[in-house]
Amino acid sequence: AGSYGEYSSAPFSSNGVKLWDFSVVAGINGEITDNWTTSVGLIGSASFEDGASFSDSLNGGGFASVGYRWSKTLKTSVGGMILSRNNEDALVVPTIGLDWQVSAETLVRIKGLEARVQHGISDDFDVFLRGEFDPGSSLLKKRADTPVTSFYDKGFRAGVGFDWKINQGLKLSVDGGV
């Protein structure tokens with residue numbers, strides 16, 4: 001999965017700070033037994049202002065979890081994730097997950113820092129609503145009049161989108177929100 005975002009602190013004038021966000025998440029999900037599952041993956045991101053160093057804004061991390069399938073409609077998991085951040089210590093987060101198949105078409109999922117409700121509209125497409133905690137920060141260009149080097153934008157993001165299941169092992173997810 002990947003994402004791109006553009007943020008302006010003054011969207012109706014040219015006086016604001018314009019920030020760019022890019023992120024990529026790549027993971028592998030596996031079944032250990034009929035009931036036990038595991039997930040591992042890597043996270044990469046860059047968040048920076050025009051004029052700031054792209055390479056200095058790079059962050060990375062990873063995640064791992066183990067899950068147990070209680071029934072065909074309910075799975076829980078525990079794990080953790082670690083994320084590096086601009087000009088801050090790494091963020092280490094224990095995670096609890098829930099996959100609840102409410103109906104044949106509707107799934108409620110809590111994983112890591114995200115909660116999501118998705119509904120299948122065909123064999124190949126799902127639509128979803130999601131919310132997540134974003135611990136992000138962006139690297140700013142150096143200015144002579146201030147020692148500030150990062151913009152911190154911790155908060156809650158909400159969005160809507162769709163998933164396209166291209167084949168058994170590949171899915172494209174597109175979303176937008178605030």
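Scroll up a little and you will see the structure.
Because the structure is a prediction, the values reported are computed rather than measured. (Residues numbered from 1 in each chain as written. Predicted model: local features only at pLDDT ≥ 70, side-chain atom pairs only at ≥ 80, totals over all residues. Heavy atoms only, no water.)

J.: Would you mind going over the environment of G27 in detail, with residue names and values included?
T.: Relative to the helices and strands, G27 resides in strand β2 (residues 18-31). Sequence-wise, G27 and S39 are twelve residues apart; in three dimensions their C-alpha atoms are separated by 6.9 Å. Those residues in contact with G27 that lie beyond four places of it in its chain are V40, G41 and F63. (Helix = DSSP H or I, 4+ residues; strand = E, 2+ residues; numbered from the N terminus. Contact = heavy atoms within 4.5 Å.)

J.: How would you sum up the side chain of K75? Please name residues and give values.
T.: Summarising the element assignment, K75 is placed in strand β5 (residues 74-85). Here K75 occupies a buried position and makes no salt bridge, while the nearest side chain of opposite charge, D99, is found at 4.1 Å. Within the structure, the side chain of K75 is placed 3.5 Å from the side chain of T37, a separation counted as a polar contact. The residues contacting K75, other than those within four sequence positions of it, are T37, Y68, R69, W70, G97, L98 and D99. (Buried < 20%, exposed > 50% of the residue type's maximum accessible area, 1.4 Å probe, protein only. Lys, Arg positive; Asp, Glu negative; His and termini not counted. Salt bridge = Lys/Arg side-chain N within 4 Å of Asp/Glu carboxyl O. Polar contact = N/O pair within 3.5 Å; in protein donor to acceptor, adjacent residues only side chain to side chain.)

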